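# Fold and contact review
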Amino acid sequence: MPRGPAAPTAPPGHLPPWAPFCFVTSGAAGLLYEVAWSKELTYRLGNSLHSVSTVVAAFLAGLALGAAVLGARISRRRGGARAYGRLELGIAALGLASLPVLRHLDPVLGALYHGLGGESVAFLAARFALLFVLLLPPTLLMGATLPVLVAHFEYEAVGPALARLYALNTAGAVAGSLAAGFWLIPGVGLWWTTVAAAALNAIAGGVALVAARRRLAPAPPAMR
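Let me begin by describing the structure that accompanies this report. All values reported here derive from a predicted model rather than from experimental measurement.

Let us look at the packing of aromatic side chains. By the definition in use, this model includes 5 aromatic pairs. Between Phe-128 and Phe-132, the ring centres sit 5.7 Å apart and the planes meet at 35°, which makes this aromatic pair tilted. Highlighted residues: Phe-128 and Phe-132, both in helix α5 (residues 121-155), separated by 4 residues, approximately one helical turn.

Printed below as a string of structure tokens:
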């Protein structure tokens, strides 16, 4: 019995459209969070140098630990698109909760201030440690997303196209920082900027989960 034409296969180095979209979107969301957290901590701490240093330290440490520990562990399994989607949804939930948590720290910071002696080294270290720990969970998930999705496409033998994922993620981060600093925060404030970042993560997560579901769906029977 003659067979029908074979299903078209993706050319070498090809990425499905959802992957670049998710990487640009998540890159933009990450920098929206970073700028919003820095602004919020400036209000809480009264010092932009301390706030930016704390956020950048937590952000970079979270990305590194998330990639090395969480991402490496998850990426050993199959089903990377589904895992990536769940990570993005987790970032959306934690990112959305981050600003209210930071805004309710005044009593804790006040107690540390009075207990450790104002501008003492102990107070500065305790304040840094507290804020660092609070910002670490969402950044850990952010750090895990890249190795998980890269490992997913390595299984698919995409090859050189993986380099474009890094470039697209960086381009999204640049767009996110520009949008946060010049339009969103001046226009709608910190809360809605954080909501916008969480929405971008949720969209990226939803797109990845839909892509994973379609991939796992059984193919329709061939017509005879």
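Between helix α1 (residues 18-45) and helix α3 (residues 80-103), the shortest axis-to-axis distance is 11 Å and the interhelical angle comes to 15°. In terms of orientation, α1 and α3 fall into the roughly parallel class. Crossing of α1 over α3 shows left-handed handedness. Contacts from Trp-18, Cys-22, Phe-23, Ser-26, Tyr-33, Trp-37, Glu-40, Leu-41 and Arg-44 of α1 reach α3 at Ala-81, Tyr-84, Glu-88, Ile-91, Ala-92, Gly-95, Leu-96, Ser-98, Leu-99, Leu-102 and Arg-103.

Let's shift gears to the pattern of salt bridges. Summed over the entire model, instances satisfying the criterion amount to 3 salt bridges. The shortest N-O distance in the salt bridge between Arg-44 and Glu-40 comes to 2.2 Å. Linking Arg-44 with Glu-40, this pair stays in helix α1, spanning 4 residues, or about one helical turn. With a relative accessible area of 2%, Glu-40 lands in the buried category. Residues joined in a network through salt bridges with shared partners are Glu-40, Arg-44, Arg-103 and Asp-106.

Conventions we followed
- Residues numbered from 1 in each chain as written.
- Predicted model: local features only at pLDDT ≥ 70, side-chain atom pairs only at ≥ 80, totals over all residues.
- Heavy atoms only, no water.
- Phe/Tyr/Trp six-rings, centres within 6.5 Å; stacked < 30°, edge-to-face > 60°.
- Helix = DSSP H or I, 4+ residues; strand = E, 2+ residues; numbered from the N terminus.
- Axes fitted to C-alpha atoms, helices over the stretch in contact; angles between N-to-C directions.
- Parallel < 35°, antiparallel > 145°, perpendicular 65-115°, else oblique.
- Left-handed = near helix turned anticlockwise from the far one by under 90°.
- Contact = heavy atoms within 4.5 Å.
- Salt bridge = Lys/Arg side-chain N within 4 Å of Asp/Glu carboxyl O.
- Buried < 20%, exposed > 50% of the residue type's maximum accessible area, 1.4 Å probe, protein only.

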